[in-house]
Amino acid sequence: MPELPDVETMRRYLQATSLHQEIEGVRVDGGQLLQATPPETLQEELVGRSFASTQRHGKYMFVRLDGGGDDLLVLHFGMTGGLTYFKDREDEPAYCRVLFHFANGYHLAYVSMRKLGEVGITDDVDRFVDERELGPDALAEDFDLRAFKNLVEGRRVMAKSFFMDQHTIAGVGNVYADEILFQAGIHPRTKMSSLDDETVEDLFHSMKDVLQEAIEHQAHPDRFPDSFIVPRRGQGGRCPKCGAELERVKVSSRSSYYCPKHQQQDGE
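Quick caveat: nothing in here was measured; it's all calculated off a predicted structure.

## Details of the overall build of the chain
And then number 1: When helices and strands are counted, the chain shows seven helices and 10 strands.
And then number 2: Taken along the three principal axes of its C-alpha coordinates, the chain extends 60 × 35 × 30 Å.
And then number 3: When burial is assessed residue by residue, the chain has 50% of its 268 residues classed as buried.
And then number 4: Once local pairs closer than 6 in sequence are excluded, the contacts in the chain between residues at least 24 apart make up 62%.
And then number 5: Surface accessibility of the chain: about 12,600 Å² in total, with carbon and sulfur atoms responsible for 41%.

Here it is, written out as C-alpha cells:
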C-alpha cells in the first residue's frame, strides 16, 4: 500500500511531468474510484484547465487547478495505485482507471490494479482533512516534538497501532511503521504509555528520519540503506544489525516484522 514516502514521490513525479499542460480530455474506466465526484463533474472541472501546483497530506495528494479558483484534484492511491506519464498510446499502462489527456499529446494515467483508491474534487484541503478526521502529516514542519508528545501522552495503544492510525498521524502505514520501530529499538506491541520521555523523543526522530530517507531514495526498497529492514520484511528476512532472523507478530490484524534481539518487549 502506498504510504507517505510513495505518495510524496508520486507528487514530485506529477510536479515534474504534468504541470501547466492544458487538459484536453478525461477518460474514466474506474468509476467506483470517484466516490463523491461523478465522472461528468470530473470532466467538467478539468477539461480546458491545467494542473498548477501540488501538495500532500498523509497519503492524499492534492493538485490545484489553474484559473484562479479553489478547485483541487484529490488523489488517493489505495492498495496498489500509482501514476504514469507517457506519450504513445501503446505505452498506456495496464489497470489505467483514470486517464488525463493533455493538449500536447501526452497523457497521465492513474493506475490502480485493485480499484481501492480515490479520485475526486475538493475546494478546501483543510476542510477535507477535517472531514476525514486525519491527524497531522507526519512530515509537516509544525508537527514537532511537542506535538508528538501530546499525541503520545496517556495512549495505551500498541506502538504499531499508534503509527498506523491515520486519525492520529497521517501518512505512516504498515511497512514504514515497522521501520520506524526497528530504528528506535521498540517492539511493535509495546504500549505507548510505557515509554519514557527519552524514548518518545528517539521515536519521534526515527519517524522523521525514516520517512525522509525513504523519500530521498524515491521509496524504492532496493535503494534503501543497508541498515533498513524494509527490504528484508518477509519470511527468512534477517536483521541488518545482528543477522538474527526477523520474527512476525500480528498487530491490528497486520503482520509486523521485528528483530527479537533489538526490539524486546517489556518483560522479555
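## Some remarks on the packing of helix α1 (residues 4–17) against helix α7 (residues 197–216)
A pair of packed helices can be characterised by two numbers: the angle between their axes and the separation between those axes.
And then number 1: At a minimum axis distance of 9 Å, the contact between α1 and α7 shows a crossing angle of 40 degrees. One finds that α1 runs oblique with respect to α7. Read as a crossing pair, α1 and α7 show a hand that is right-handed. Counted together, L4, P5, E8, T9 and R12 of α1 and L211, A214 and I215 of α7 form the full contact between these two elements.

## A closer look at the sheet that holds strand β8 (residues 118–122)
And then number 1: Pairing is antiparallel across the open sheet formed by four strands, whose spatial order is β2-β3-β4-β8. Two strands bound the open sheet, and with one partner strand each, they are β2 (51–57) and β8. Across the sheet, the mean angle separating the axes of adjacent strands is 25 degrees when strand polarity is ignored.
And then number 2: Of the pairings in the sheet, the one linking strand β3 (residues 60–65) to strand β4 (residues 72–76) comprises five bridges and is antiparallel in character. When the sheet's bridge partners are listed, R64 is paired in β4 with L72.

## Regarding the sheet that holds strand β6 (residues 96–102)
Where strands meet in a sheet, backbone hydrogen bonds hold them as pairs that are either parallel or antiparallel.
And then number 1: Sheet architecture is open: four strands sit in the order β1-β6-β7-β5, paired in antiparallel fashion. The sheet is open, and its two edges are formed by β1 (23–28) and β5 (82–86), each paired on a single side. Each strand of the sheet is rotated relative to its neighbour by a mean of 15 degrees, with strand direction disregarded.
And then number 2: Two elements, β6 and strand β7 (residues 107–111), share five bridges in a ladder whose sense is antiparallel. Looking across to β7, one finds that H101 is bridged to H107.
And then number 3: Its contacts with the sheet place α1 against β5 and β7, and it is angled at close to 20 degrees to β5.

## Points about the nonpolar core
And then number 1: Within the largest apolar cluster, 32 residues are counted, with the highest numbers of intra-cluster contacts made by F148, F163, L203 and M207.
And then number 2: Of all the secondary-structure elements, those providing two or more residues to this core are α4 (145–152), α5 (159–164), α6 (174–184) and α7.
And then number 3: Ranked by the residues each element gives to this core, the list is headed by α7, at eight residues.
And then number 4: In this structure F163 touches F148, I169, V172, A177, I180, L181, L203 and M207, once residues within four positions along its chain are discounted.
And then number 5: Core analysis: the next-biggest nonpolar cluster, separate from the first, contains 25 residues, L19, L46, L65 and F77 among them.

## Points about the side chain of R97
And then number 1: On the secondary structure map, R97 appears in strand β6.
And then number 2: The residues touching R97, leaving out its near neighbours within four places in the chain, are R27, V28, D29, G30, L33, Y110, S112, M113 and K115.

## Let's talk about unusual backbone geometry
And then number 1: You will see that Q218, though not glycine, has its phi angle at about 55 degrees, which is positive.
And then number 2: Checked against the element boundaries, Q218 lands in the loop between α7 and β9 (247–251).
And then number 3: Residue Q218 is classed as partly exposed on the basis of its relative accessible area of 44%.
And then number 4: For S253, which is not glycine, the phi dihedral falls at a positive 70 degrees.
And then number 5: Along the chain, S253 turns up in the loop between β9 and β10 (254–258).

Conventions we followed
- Residues numbered from 1 in each chain as written.
- Predicted model: local features only at pLDDT ≥ 70, side-chain atom pairs only at ≥ 80, totals over all residues.
- Heavy atoms only, no water.
- Helix = DSSP H or I, 4+ residues; strand = E, 2+ residues; numbered from the N terminus.
- Buried < 20%, exposed > 50% of the residue type's maximum accessible area, 1.4 Å probe, protein only.
- Contact = heavy atoms within 4.5 Å.
- Areas by Shrake-Rupley, 256 points an atom, 1.4 Å probe, with all protein chains shown as cover.
- Axes fitted to C-alpha atoms, helices over the stretch in contact; angles between N-to-C directions.
- Parallel < 35°, antiparallel > 145°, perpendicular 65-115°, else oblique.
- Left-handed = near helix turned anticlockwise from the far one by under 90°.
- Pairing = 2+ DSSP bridges.
- Core = buried A, V, L, I, M, F, W, Y, C linked by side-chain atoms within 4.5 Å.

Take it as geometry only, folks, not as evidence of what the structure does.
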